Amino acid sequence: MTDVAVIDAGGANFGSVCYALERHGARPRIVRDADGLADAPRVLLPGVGAAGPAMTLLRERGFAEVLPALRKPLLGICLGMQLLFDSSEEGDVACLGLLPGRVRKLVGGPALRVPHIGWNTLEQVAASPLAEGIGSGEHAYFVHGYAAPVTGDCVAACTHGQRFAAVVARGRIAGAQFHPERSSVSGARLLRNFLQWKPS
Amino acid sequence: MLSRRIIPCLDVRDGRVVKGMRFRDHVDMGNIEELALRYRDAGADELVFYDITASPEGRSVARDWVERVARLIDIPFCVAGGIRSVEDARAVLRAGADKISINTPALERPALVSELADALGVQCVVVGIDSVRDDDGQWRVRSHTGNANAMRAPGRRTLDWLVEAQRLGAGEIVLNCMGSDGVRGGYDLEQLQAVRPLCAVPLVASGGAGAMAHFADAFIEADVDAALAAGVFHSGAIAIPQLKQYLRGQAIEVRP
């Protein structure tokens with residue numbers, strides 16, 4: 001059984017992430033300050049809410065300093081993935097800077113609702129142990145109004161008017177824009193892959 | 001491509017799923033977890049749980065069953081009933097719900113929508129609107145609809161409230177057309193079509209589903225993002241796998 005440190009970044013919904021980790025045999029532990037990361041082999045950064053308040057909290061609690069230097073697999077989910085990038089247009093804040101790029105607001109339109117809510121299809125972009133078994137056309141559950149660009153770190157993309165990064169991986173840093181804890185089969189696959197992930 | 005969503009709605013009373021006229025002749029439908037799993041397995045895209053006694057009893061949603069459901073299922077679910085403050089909402093989300101839906105409390109104090117959106121993010125704030133066509137032909141909202149005897153007509157036009165709710169921070173709108181609710185004669189396409197151009201966020205149709213064609217109509221004619229129903233699913237009149245197969249046959253994008 002593997003321990004996973006689940007960072008409390010002020011979002012309210014890490015309950016569902018913890019339950020999903022438990023369903024896959026992991027032992028989640030909610031950590032509220034950077035010291036709590038010391039003895040956990042894996043770290044998960046969930047997040048529902050806005051980038052500004054979340055970054056403020058991560059700085060106050062020492063995470064912003066510790067996360068970049070950490071040598072453990074780190075998975076950001078939804079806002080948690082967006083915070084891995086350089087900056088976000090949401091509140092115009094600097095983020096953790098672990099992945100290059102700026103998170104921008106999704107552009108809506110007549111038949112294009114924002115926030116992007118619901119099940120959308122994934123498009124495989126690059127091979128990664130993190131996305132193993134999750135092929136193009138599989139559905140995942142998204143709930144977000146901002147999105148990260150498709151860069152060289154993008155493993156799977158999704159399109160809602162524009163194309164954006166749905167799964168990213170670079171070194172020991174990973175992220176999912178969708179909610180694996182609520183994405184049925186594909187989400188279970190991603191969480192299991194993360195729990196077994198041994199980034200080189 | 002983004003799928004259209006099929007959402008069964010489960011009324012919860014004293015920790016059990018019930019059906020029937022609200023506050024009258026409740027029929028016990030079974031255990032919450034069992035039904036949640038059954039709908040998940042059938043391919044429901046999302047579930048809505050409505051704690052029908054929370055609001056009339058002046059309490060917030062019972063969190064124990066929210067947590068039990070959250071532990072069990074791996075599809076999103078929304079919880080409605082008795083959420084009046086950021087603290088109420090936070091507690092429900094912490095228990096594992098993905099979204100919260102507010103109706104009467106938002107009409108009574110619209111600032112609540114903004115408070116929730118600011119504190120928790122617009123993506124988890126759903127505003128439910130109960131709407132009726134009045135004798136003068138205008139659609140207007142109703143509040144306190146959980147209890148037929150307590151229902152009120154605040155006088156607000158549905159279209160005005162829809163626009164204001166979005167301005168305040170609603171991330172999704174559930175429009176329950178009360179005139180068609182429970183009748184199974186189809187969703188109120190005229191009203192949904194009137195609302196659609198004013199609704200920039202996802203719109204969920206509610207009230208009136210009786211046949212598979214009604215779902216297709218709502219998606220094709222009114223361009224709604226999701227369709228919610230209770231009775232037809234609970235009674236077994238419509239099975240979700242067959243419904244999705246039918247919708248796919250109508251060239252409507254649905255999740256397998």
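All of these numbers come straight from a predicted model, not from anything done at the bench.

1. Some thoughts on the UniProt feature "active site" (unreviewed entry) in chain B
All names here are of chain B.
For step 1, the next point in the chain: The feature "active site" (unreviewed entry), as given by UniProt, occupies Asp11 and Asp130 in the numbering adopted here.
For step 2, the next point in the chain: Looking at where Asp11 falls in the secondary structure, it is placed in strand S1 (residues 5–13).
For step 3, the next point in the chain: For Asp130, the location among the structural elements is in strand S7 (residues 125–133).
For step 4, the next point in the chain: We classify Asp130 as buried; its relative accessible area is 6%.
For step 5, the next point in the chain: Contacts of Asp130, omitting those with residues within four sequence positions, involve Asn103, Arg140, Val141, Arg142, Thr145, Asn176 and Met178.

2. Some words on the interface of chain B and chain A
For step 1, the next point in the chain: Listed by partner, the interface residues are 41 residues for chain B and 30 residues for chain A.
For step 2, the next point in the chain: Around 2800 Å² of area is buried between chain B and chain A when both sides are counted, 51% of it from carbon and sulfur atoms.
For step 3, the next point in the chain: Of all residues in chain B, the largest losses of buried area upon contact with chain A belong to B:Leu2, B:Arg94 and B:Gln123, amounting jointly to 22% of the total for that side.
For step 4, the next point in the chain: The closest approach of N and O atoms between A:Glu22 and B:Arg71, which form a salt bridge, is 2.8 Å.
For step 5, the next point in the chain: Applying the counting criterion to the chain B and chain A interface returns 20 residue pairs in polar contact (both at pLDDT 80 or more).
For step 6, the next point in the chain: With four residues, helix H2 (residues 63–72) of chain B is the single largest residue contributor to the side of chain B that touches chain A.

3. With respect to the packing of aromatic side chains
For step 1, the next point in the chain: Per the counting criterion, the structure on display carries nine aromatic pairs over all chains.
For step 2, the next point in the chain: A ring pair is formed by B:Phe49 and B:Phe77, whose centres lie 5.6 Å apart and whose planes are at 90 degrees; its orientation type is edge-to-face. With B:Phe49 in strand S4 (residues 47–51) and B:Phe77 in strand S5 (residues 77–80), the pair connects residues that are 28 residues apart, well separated along the chain.
For step 3, the next point in the chain: Owing to a relative accessible area of 0%, B:Phe77 belongs among the buried residues under this scheme.
For step 4, the next point in the chain: Within the aromatic cluster, the residues linked to one another by ring pairs are B:Tyr39, B:Tyr187, B:Phe215 and B:Phe233.
For step 5, the next point in the chain: A cation over a ring is seen here: A:Arg42 above A:Phe194, with NZ or CZ 6.0 Å from the ring centre.
For step 6, the next point in the chain: Sitting over the face of the ring of A:Tyr146, A:Lys105 holds its NZ or CZ atom 5.4 Å from the ring centroid.

4. Remarks on the sheet that holds strand S3 (residues 42–45) of chain A
Residue and element names in this part refer to chain A.
For step 1, the next point in the chain: Within the open sheet, the eight strands sit side by side as S2-S1-S3-S4-S14-S13-S12-S9. Their pairing is mixed. The outermost strands of the open sheet, each flanked by one partner alone, are strand S2 (27–31) and strand S9 (123–124).
For step 2, the next point in the chain: Taken together, the four bridges between strand S13 (residues 162–170) and strand S14 (residues 173–176) define a ladder with antiparallel strand orientation. Bridged to Val168 within S14 is Gly175.

5. Quick notes on the environment of B:Leu72
For step 1, the next point in the chain: For B:Leu72, the location among the structural elements is in helix H2.
For step 2, the next point in the chain: Sequence-wise, B:Leu72 and B:Leu37 are 35 residues apart; in three dimensions their C-alpha atoms are separated by 7.5 Å.
For step 3, the next point in the chain: With near-sequence residues (within four places) excluded, B:Leu72 lies in contact with A:Arg23, B:Glu33 and B:Leu37.

6. With respect to the packing of helix H8 (residues 212–221) of chain B against helix H10 (residues 240–249) of chain B
Residue and element names in this part refer to chain B.
For step 1, the next point in the chain: Between H8 and H10, the shortest axis-to-axis distance is 10 Å and the interhelical angle comes to 50 degrees. Between H8 and H10, the angle falls in the class oblique. For H8 against H10, the interelement crossing comes out right-handed. Between H8, through Met212, Ala213, Phe215, Ala216 and Phe219, and H10, the contact on the second element is made entirely by Gln242, Leu243, Tyr246 and Leu247.
For step 2, the next point in the chain: Residues belonging to the contact of H8 with H10 are distributed by class as follows: eight nonpolar, one polar and no charged.

7. A short note on the environment of A:Gly101
Residues and elements named next belong to chain A.
For step 1, the next point in the chain: Tracing the backbone through its elements, the reader meets Gly101 in strand S7 (residues 99–105).
For step 2, the next point in the chain: Separated by 97 residues in sequence, Gly101 and Val4 have C-alpha atoms that sit 27 Å apart.
For step 3, the next point in the chain: Dropping the residues within four chain positions of it, Gly101 is found in contact with Phe85, Asp86, Ser87 and Pro149.

Cut-offs applied
Residues numbered from 1 in each chain as written. Chains lettered and ligands numbered in written order. Predicted model: local features only at pLDDT ≥ 70, side-chain atom pairs only at ≥ 80, totals over all residues. Heavy atoms only, no water. UniProt positions renumbered as here; feature names shortened; annotations may be inferred. Helix = DSSP H or I, 4+ residues; strand = E, 2+ residues; numbered from the N terminus. Buried < 20%, exposed > 50% of the residue type's maximum accessible area, 1.4 Å probe, protein only. Contact = heavy atoms within 4.5 Å. Buried area = accessible area lost by both parts, 1.4 Å probe. Salt bridge = Lys/Arg side-chain N within 4 Å of Asp/Glu carboxyl O. Polar contact = N/O pair within 3.5 Å; in protein donor to acceptor, adjacent residues only side chain to side chain. Phe/Tyr/Trp six-rings, centres within 6.5 Å; stacked < 30°, edge-to-face > 60°. Lys NZ or Arg CZ within 6 Å of the ring centre and 35° of its normal. Pairing = 2+ DSSP bridges. Axes fitted to C-alpha atoms, helices over the stretch in contact; angles between N-to-C directions. Parallel < 35°, antiparallel > 145°, perpendicular 65-115°, else oblique. Left-handed = near helix turned anticlockwise from the far one by under 90°. Nonpolar A, V, L, I, M, F, W, Y, C, P; charged D, E, K, R; others polar.

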